[in-house]
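Each chain, written out:
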Amino acid sequence: MKKMAFAILKNDSTDEDGGFGIGVIDLNNITPIIIDCDKDEAYIDIDALHGRSQIEKKVRFSPDKAHATEEYYAYWIVWMAMEVNDKGPYYHAITASEVRVAKSEHRIKLGYKSLPEQVNFLDHAMKGKTIIAHMDARSKELLRAFLQQTNADYYANTPHDVLHSLGGA
């Protein structure tokens, strides 16, 4: 399996030696999950880590929801952090940000997403926070079912507070 990594370097490396890789953020325990509200499905799209998921391609995004008219597809980009404890791997933290894409036949579509929100939610997931209260109930249900089906053992090891945020126990 190919190991994927994403490096963000700090301005000042250790001892100012200019070394490469100092201050690297490791995204190996983060999985981006797309919730497609219109198709009632959830799936993994690893390209979302780089802002290039299937739903984001050929879309001109604006941070203004007014660009996403009533005729839009609704999605959630979910950041799922996983960890390992004495019981084994588990779903550690979940955050989600909204994405809307116009139902247009044009080559380049208009859409809504907040890049700062996406980055902040990714950061929160990496820090072990679960923030999904703003998601609709159906999307949480789809996510919960997807996580259970993807790996029942991970789901069984997941802390009660994370499961509770999904509407499960």
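See the structure printed just above.
Note that residues are indexed from 1 along each chain, following the sequence as it is written. Side-chain atom pairs in this predicted model are given and counted only at pLDDT of 80 or more, local residue features only at pLDDT of at least 70, and totals for whole chains, interfaces and linings cover all residues. Side-chain metrics in this entry use all non-hydrogen atoms of the structure; hydrogen atoms and water are not considered.

(A) A look at the pairing of strand 4 (residues 72–85). Pairing geometry for strand 1 (residues 30–36) and strand 4, over seven bridges, is antiparallel. Note that in strand 4 the partner of Ile35 across the bridge is Trp76. Between any two strands, pairing holds if DSSP finds at least two bridges. Numbering goes from the N terminus for both helices and strands, where a helix is a DSSP run of H or I of at least four residues and a strand is a run of E of at least two. Pairing geometry for strand 4 and strand 5 (residues 88–102), over 14 bridges, is antiparallel. Pairing of Tyr73 across the sheet is with Val101, part of strand 5.

(B) How the structure looks around the side chain of Glu98. Among the secondary structure elements, Glu98 is positioned in strand 5. A 3.5 Å cut-off defines polar contacts: any pair of N or O atoms within that distance qualifies, except that in protein one atom must be a possible hydrogen donor and the other a possible acceptor, and neighbouring residues in sequence count only when both atoms are side-chain atoms. Polar contacts involving the side chain of Glu98 include one to the side chain of Lys65, which spans 3.1 Å. Among the polar contacts made by the side chain of Glu98, one reaches the side chain of Arg100 at a distance of 2.8 Å.

(C) Seen up close, the environment of Ile44. Residue position: Ile44 is located in strand 2 (residues 41–44). On the accessibility criterion, Ile44 (46% relative accessible area) is partly exposed. Each C-alpha atom, one on Ile44 and one on Pro32, is 5.9 Å from the other, the two residues being twelve residues apart in sequence. Two residues form a contact once any of their heavy atoms are found within 4.5 Å. Once you skip the residues sitting within four places of it in the chain, Ile44 turns out to touch Thr31, Pro32, Ile33 and Phe146. Throughout this description, buried means an accessible area under 20% of the type-specific maximum (1.4 Å probe, protein chains only), exposed means over 50%, and partly exposed covers the range between.

(D) Here's a closer look at the pattern of salt bridges. Salt bridges are identified by distance alone: a Lys or Arg side-chain nitrogen within 4 Å of an Asp or Glu carboxyl oxygen. The final tally for this structure, using the stated rule, is six salt bridges. Here Arg100 and Glu98 are joined by a salt bridge, their closest N and O atoms 2.8 Å apart. Through salt bridges that share partners, Asp40, Arg138 and Glu141 make up one connected network.

(E) Representation of the packing of aromatic side chains within the structure. The aromatic pairing rule takes the rings of Phe, Tyr and Trp, using the six-membered ring of Trp, and pairs them if the centres are within 6.5 Å, calling planes under 30 degrees apart stacked, those over 60 edge-to-face and the rest tilted. According to the stated counting rule, one finds one aromatic pair in the structure shown. Taking 5.6 Å as the distance between ring centres and 65 degrees as the angle between the ring planes, the aromatic pair formed by Tyr91 and Tyr154 counts as edge-to-face. Of this pair, Tyr91 sits in strand 5 while Tyr154 sits in helix 3 (residues 152–157), placing them 63 residues apart in sequence. The side chain of Lys103 reaches across the aromatic face of Tyr73, ending 5.1 Å from its centre. Ring-over charges, as used throughout, are those where CZ of Arg or NZ of Lys falls within 6 Å of the ring centre and within 35 degrees of the ring normal. For Lys113, the ring lying beneath its charged end belongs to Phe61, and the centroid distance is 4.7 Å.

(F) Focus on helix 2 (residues 137–150). In this model helix 2 runs 20 Å from its N-terminal to its C-terminal C-alpha over 14 residues, within 8% of the 20 Å that 1.5 Å per residue would give. Every buried residue of helix 2 is accounted for by Ser139, Lys140, Leu142, Leu143, Arg144, Phe146 and Leu147. Packed against the buried residues of helix 2 are strand 1, strand 2, strand 4, strand 5, helix 3 and helix 4 (160–165). To estimate the expected span of a helix, subtract one from its residue number and multiply by 1.5 Å.

Bear in mind that shape data such as this cannot, by itself, settle questions of function.
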